[in-house]
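Chain residues, written in single-letter form:
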Amino acid sequence: AVVSTQSGHYGRDESLYNSGVLDKLIEMGKEIIFISNIDNLGATVDLNILSHIVKSGCQSQFIAEVTNKTRADVKGGTLIDYNGCVKLLEYAQVPKEHVDDFKCVKKFKIFNTNNLWINLKSIRERVVQGTLERDVIVNHKALGDGRNVIQLETAVGAAIKNFSGAFAINVPRSRFLPVKHTSDLLLVMSNLYSLEEGVIAMSPDRMFPSTPLIKLGPDFKRIQDFLKRFQTIPDLLELDHLTVTGDVHFGRDVSLRGTVIIIANHGERIDIPSNSLLENKIVSGNLRILDH
């Protein structure tokens, strides 16, 4: 069985039970459920992991997929050993004085992808017994109108501490491809990726396995604004880092390589001409192109 969940949130186990779906799946002979965030385009059913579970007699109660951190993932939740128990530690749970330690890739090398494989009967047993505990995460956020609010949530991966013998599998980065922002959308719409037999795969022409770090400013936040700023999606095969802020528009067949920073000052507009090649450049509001 496969379930896609609202990004980051937990409570699907109770929902499956209360709706009767959990019992129906078990009656149908289903033993394992695969759960992932709905925005993770890399979360497909991996037959290698499934084969491992089947060969073990489906005894694995809870398996979490983790992957190596990159510069874009320093805030990603990680797994820790807490009093002899595997536990998920989220960024929002870290005291301010230890945030830098948490973000250090040398100390915390992996993060949780929220791709989970769980034994259905184990879920039902814990829901019935009321032993499915999870930590409440306190997030301080600001609304669009400027009001500050406190958001209380529980992470789906936090359930790992409730299952004996739970463990993690370090999977390739390709298993984690979330699209939460237009910067993520730019990546998957580019020639970096293609769709092969229902699976999004990175182009073999990419020299490095890591994805570029892309930061798009507020002018690109809404999807309609994002789309109108690109006549065609640029060539990103050799891009390492892209930062774009202000009123910036891209012509057709633009190529971006290395580190590219484009900054349009307030009240100014930058048009990147069609067929342009920007490699390790800074483009300022007056369209001066400088070596980076």
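Residues numbered from 1 in each chain as written. Predicted model: local features only at pLDDT ≥ 70, side-chain atom pairs only at ≥ 80, totals over all residues. Heavy atoms only, no water.

(A) Representation of the packing of aromatic side chains in the model. Under the criterion given, the structure shown has 8 aromatic pairs. With a centroid separation of 5.6 Å and 40° between ring planes, the pair formed by Phe102 and Phe108 is classed as tilted. Pairwise contacts between aromatic rings join Phe220, Phe226, Phe230 and Phe250 into one cluster. One cation-aromatic arrangement involves Arg229 over Phe220; the distance from NZ or CZ to the ring centre is 5.4 Å. (Phe/Tyr/Trp six-rings, centres within 6.5 Å; stacked < 30°, edge-to-face > 60°. Lys NZ or Arg CZ within 6 Å of the ring centre and 35° of its normal.)

(B) Examining the pattern of salt bridges more closely. Counting across every chain of the model gives 14 salt bridges. With its nearest N and O atoms 2.8 Å apart, the salt bridge here joins Arg175 to Glu65. In this pair, Arg175 sits in the loop between β9 (167-170) and α6 (182-189) while Glu65 sits in strand β3 (residues 62-68), placing the two residues 110 residues apart along the sequence. The exposure classification of Arg175 matches that of Glu65, with both residues buried. (Salt bridge = Lys/Arg side-chain N within 4 Å of Asp/Glu carboxyl O. Helix = DSSP H or I, 4+ residues; strand = E, 2+ residues; numbered from the N terminus. Buried < 20%, exposed > 50% of the residue type's maximum accessible area, 1.4 Å probe, protein only.)

(C) A look at helix α5 (residues 120-129). For α5, the set of buried residues is Leu120, Ser122, Ile123, Arg126 and Val127. Buried residues along α5 cover an arc of 160° about the axis, so they all sit on one side. Of the exposed residues in α5, the ones pointing more than 90 degrees away from its buried face are Lys121, Val128 and Gln129. The N-cap residue of α5 is Asn119: its side-chain oxygen and the backbone nitrogen of Lys121 are 3.0 Å apart. (Arc of directions from axis to C-beta. Polar contact = N/O pair within 3.5 Å; in protein donor to acceptor, adjacent residues only side chain to side chain.)

(D) Representation of the pairing of strand β11 (residues 199-202) in the model. Two elements, strand β10 (residues 193-196) and β11, share 4 bridges in a ladder whose sense is antiparallel. Looking across to β11, one finds that Tyr193 is bridged to Met202. Remark: 2 residues form the turn of the hairpin made by β10 and β11, two consecutive strands paired antiparallel; Glu197 in that turn has positive phi of roughly 55°. (Pairing = 2+ DSSP bridges.)

(E) View of the side chain of Ser276. On the secondary structure map, Ser276 appears in the loop between β16 (269-272) and β17 (277-283). Of the polar contacts made by the side chain of Ser276, one reaches the backbone oxygen of Pro273; its length is 2.6 Å. Once residues lying within four places of it in the same chain are set aside, the contact partners of Ser276 are Asp253, Val254 and Ser255. (Contact = heavy atoms within 4.5 Å.)

(F) Representation of the side chain of Gln61 in the model. Structurally, Gln61 can be placed in the loop between α3 (47-55) and β3. On the basis of relative accessible area, Gln61 is assigned to the buried category, the value being 19%. In contact with Gln61, not counting residues within four places along its chain, are Trp117, Ile118, Asn119, Ser122, Arg126, Phe163 and Ser164.

(G) Fine view of the confidence of the model for the protein. When pLDDT is averaged along the protein, the result is 87, and 93% of the positions lie at 70 or above. Averaged pLDDT values over the elements of the protein bottom out at 47 in strand β1 (residues 2-5) and peak at 97 in strand β15 (residues 255-263). Confidence drops under a pLDDT of 50 for residues 3-8, and excluding neighbours within four residues, the segment shows 22 contacts in the predicted structure. (pLDDT = per-residue confidence, 0-100.)

(H) Broad picture of the nonpolar core. Judged by nonpolar contacts, the single largest core of 29 residues is most densely connected at Val248, Phe250, Leu256, Ile262 and Ile272. For this core, the element with the highest residue contribution is α6, accounting for 4 residues. Once residues lying within four places of it in the same chain are set aside, the contact partners of Leu256 are Pro234, Asp235, Leu236, Glu238, Leu239, Leu242, Phe250 and Leu278. In terms of nonpolar packing, the next biggest core, distinct from the first, is built from 26 residues, Leu120, Ile123, Val127 and Ala155 among them. (Core = buried A, V, L, I, M, F, W, Y, C linked by side-chain atoms within 4.5 Å.)

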